[in-house]
Amino acid sequence: MSANATLRSQTRFPHEREFKKAGIFGRHRWGWLLAAGWLAQVAFRLLLSMHTSAPLFIPDETGYLLAARLFAGGEPGDLSGRTFYQGAYALLITPAFWLSDDPATSHRIALGINALISSAMLILAHASLRRLGISSGPACLAGHLIALLPLVVYYAGFALTDAVLPVVVLAWLFAIHEMLSRGNSRAYETAASGLAVLALSLHPRGYVIAVVQAAFLCVFAVRRSRIPRYATGTLLIGAFAAWAMNGLPAARPYPHGALPLGDHLLTRLTTLDGLAWTFGLSAGKLWYLSVGTWGLGGVGLIVLATLAFRRGTAEPLRVLAVIVLVTVAGIALATSAATPDEGTVATFVYGRHLACMAAPLMIAALAFALRARPDLQLRTVLGAVLLTCLTAAGTQLYAGERLWTASFGPFDFPEISFLVADRSNLRLWSATYAALLLLALAALLVRLGGKLRLIAAAGIMAVEVAACLTAATQIVRPWSEQLTNATTLSRGDARHPAVGRRPVAAAELARRAEGPARRDGEPHLRRRPGGVAPVVETTEGSPA
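Small disclaimer: the values here were computed from a predicted structure and weren't measured.

Quick notes on the packing of aromatic side chains
- This structure, assessed with the given rule, holds 17 aromatic pairs.
- Seen in terms of ring centroids, Tyr64 and Tyr85 are 5.1 Å apart; in terms of plane orientation they differ by 65°. Their pairing is edge-to-face. Linking Tyr64 in helix 4 (residues 60-71) with Tyr85 in the loop between helix 4 and helix 5 (87-92), this pair joins segments that are 21 residues apart in sequence.
- Note on Tyr85: relative accessible area 2%, which makes it buried.
- With a centroid separation of 6.0 Å and an interplanar angle of 55°, the aromatic rings of Phe216 and Phe220 are classed as tilted. Residue Phe216 and its partner Phe220 are located together in helix 13 (residues 205-224), separated by 4 residues, close to a single helical turn.
- A relative accessible area of 8% places Phe216 in the buried class.
- Judged by relative accessible area, Phe220 falls into the buried class, the value being 3%.
- For Arg352, the ring lying beneath its charged end belongs to Tyr155, and the centroid distance is 5.9 Å.

Observations regarding a nonpolar patch on the surface
- Side chains of Leu47, Met50 and Leu469 sit close together on the surface and give an oily, nonpolar patch of about 260 Å² of accessible area.
- Position of Leu47 relative to the elements: it lies in helix 3 (residues 28-48).

Considerations on the packing of helix 11 (residues 165-181) against helix 13
- Two elements in contact, helix 11 and helix 13, have axes separated by 12 Å at closest approach and are oriented at 0°. In terms of their interaxial angle, helix 11 and helix 13 are classed as roughly parallel. From helix 11, Leu165, Val169, Trp172, Ile176, Met179 and Leu180 reach across to helix 13, where they touch Arg205, Ile209, Val212, Gln213, Phe216, Leu217, Phe220 and Arg224.
- Looking at the contact of helix 11 with helix 13, its residues break down into 11 nonpolar, 1 polar and 2 charged.

Description of the nonpolar core
- Among the nonpolar cores identified, the biggest contains 152 residues, and Trp172, Trp287 and Leu426 are the most heavily contacted of them.
- Those residues within four positions of Leu426 in sequence are excluded, and the remaining contacts are Trp287, Val345, Val349, Leu403, Trp404, Phe408, Phe413 and Ile416.

What about empty space enclosed by the protein?
- Under the criterion given, the structure shown has 5 cavities of 30 Å³ or more.
- Quantified by volume, the largest cavity comes out at close to 280 Å³.
- Every residue lining the largest cavity is counted, 18 residues in all, and those nearest its centre are Leu132, Leu317, Leu320, Pro360 and Ile363.
- Contributing elements (two or more residues each) for the lining of the largest cavity: helix 8 (121-131), helix 11, helix 17 (296-309), helix 18 (315-338) and helix 19 (358-371).
- A per-class count over the lining of the largest cavity returns 15 nonpolar, 2 polar and 1 charged.
- Approximately 140 Å³ is the volume found for the second largest cavity.

Section: the confidence of the model for the protein chain
- Per-residue pLDDT for the protein chain has a mean of 83; in total, 83% of the residues score no lower than 70.
- The secondary-structure element of the protein chain with the lowest mean pLDDT is strand 1 (residues 526-527), recorded at 34, while helix 10 (residues 150-153) shows the highest, at 96.
- Under a pLDDT of 50 for its full length, residues 1-22 has, in the predicted model, 52 contacts with residues more than four places off or in other chains.

Focus on the packing of helix 8 against helix 9 (residues 136-147)
- Put simply, helix 8 and helix 9 touch, their axes get as near as 8 Å, and they point 140° apart. Taken together, helix 8 and helix 9 sit at an angle that is classed as oblique. In the packing of helix 8 onto helix 9, the handedness of the crossing is right-handed. Judged by residue contacts, Met121, Leu122, Ala125, His126, Leu129 and Arg130 of helix 8 engage Ser136, Ala139, Cys140, Ala142, Gly143, His144, Ile146 and Ala147 from helix 9.
- Each residue belonging to the contact of helix 8 with helix 9 can be placed in one class, and the counts come to 9 nonpolar, 4 polar and 1 charged.

Definitions and limits used
Residues numbered from 1 in each chain as written. Predicted model: local features only at pLDDT ≥ 70, side-chain atom pairs only at ≥ 80, totals over all residues. Heavy atoms only, no water. Phe/Tyr/Trp six-rings, centres within 6.5 Å; stacked < 30°, edge-to-face > 60°. Helix = DSSP H or I, 4+ residues; strand = E, 2+ residues; numbered from the N terminus. Buried < 20%, exposed > 50% of the residue type's maximum accessible area, 1.4 Å probe, protein only. Lys NZ or Arg CZ within 6 Å of the ring centre and 35° of its normal. Patch = residues over 30% accessible without salt bridge, like charges linked within 9 Å, V, L, I, M, F, W, Y side chains within 5 Å. Areas by Shrake-Rupley, 256 points an atom, 1.4 Å probe, with all protein chains shown as cover. Salt bridge = Lys/Arg side-chain N within 4 Å of Asp/Glu carboxyl O. Axes fitted to C-alpha atoms, helices over the stretch in contact; angles between N-to-C directions. Parallel < 35°, antiparallel > 145°, perpendicular 65-115°, else oblique. Contact = heavy atoms within 4.5 Å. Nonpolar A, V, L, I, M, F, W, Y, C, P; charged D, E, K, R; others polar. Core = buried A, V, L, I, M, F, W, Y, C linked by side-chain atoms within 4.5 Å. 1 Å grid on protein atoms, 1.4 Å probe; cavity = no way out; pocket = protein on both sides within 12 Å on 5 of 7 lines; lining within 4 Å. Points joined across faces, edges and corners; volume = space filled by probe spheres on them. pLDDT = per-residue confidence, 0-100. Left-handed = near helix turned anticlockwise from the far one by under 90°.

In structure tokens form, the structure reads like this:
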């Protein structure tokens, strides 16, 4: 038996020609079910964000909202000295400022746009699983499981690029797969490069994706003996267009310049201490990626590493596996190197930066669970357990007591806080054991087969829904209420009583906040001495 046939008999992943036969939506009824599922996902996201009417991630959300207001013809504001916010996401939510001049209403409309785009994860995940030979029913169920991941859902409740970046990344990977499996496909060539450019325009993490796309096109040209002209042209022209578009928000909201991050990156990658910092923080990000996906992210990493380095893997799968692994490593290392030391637990353990790669890893893990032999499933799960424990140990070894003494914010750890039922501290090993226990139970039910597989899927989805609801009601809502109360005037004008509770503009709060600009994604709050409760400055300069 050939090596390729042996691999297929062990993993049951379809050969390249089988990809072409697999329909995306299966029977016509599945199209309607997917549409209904998409609407349900949209409704769930809107439900979670119903109590959020103002930006909470300051100055991140305010940066994107001010840029969107600028695109809509409004005033730019002043974010000098803050992190530079790319223009593509602001352009996506610009209609919110066309439809309303009220800041709260515009913010709610922006969250509605987030919900519409983020829920497309269901359709993309279903299409990807169908291309891996999974039948429509299991693919639809697994698609819901992926679309309900807290790493995907949580950030859709804020005006942040992380609401749409996971969808863009998965669409990019899907386009690359179709480009490889369909041969000379101009549409997918153009789409792959166009989506890489969109990622580049959304967030600095998109630079990693654009570099990976450029490297892929170079390898493609060598291996196929032809230059993918449409993909290459789209990448080059799109990169220039992204630079030009980002020139508008860069020129006006940052009259005195944005916060430079290149100095950190260069130092961290050229010194021993900097490299130790980079790899230490990368371990924390990989740990979060595994635990935040209930261990399935670790399974996905093991599966993709096997496909990438094992002989006989079909070319589309091998190339896609390498691209995902390189992108995960690139984002983890680049974001870790650029992260300043802010004295918070989230400096060392952070899930947001790799959240955009959770869906591809989940797809690999779920496809493997449905198609692999039981002995391979067992070895892969054990490998994921080992990987998760090693990253946890590496994180603790580097960060040490700072994991418990540094400032902890539950808004950075929604899944972890849910797993350990503790929103005051990072319980690293308790969260690790909880996630691995869920993984073990799910693996056992999958191994037993039959309807127990449905029970495993339903159980994981129930955990995801519970985690999202807990984050919305126990973290986001109190946080929103606290910030709203802290950013209102405590004294009003007797002639105009309503003035006494006038909300302070978020941009004004960002300008008045103490200290240097914080890492992208960290709320601009100060820690109250002797506790973990955040302190927000009011308009009169006193702590709330």
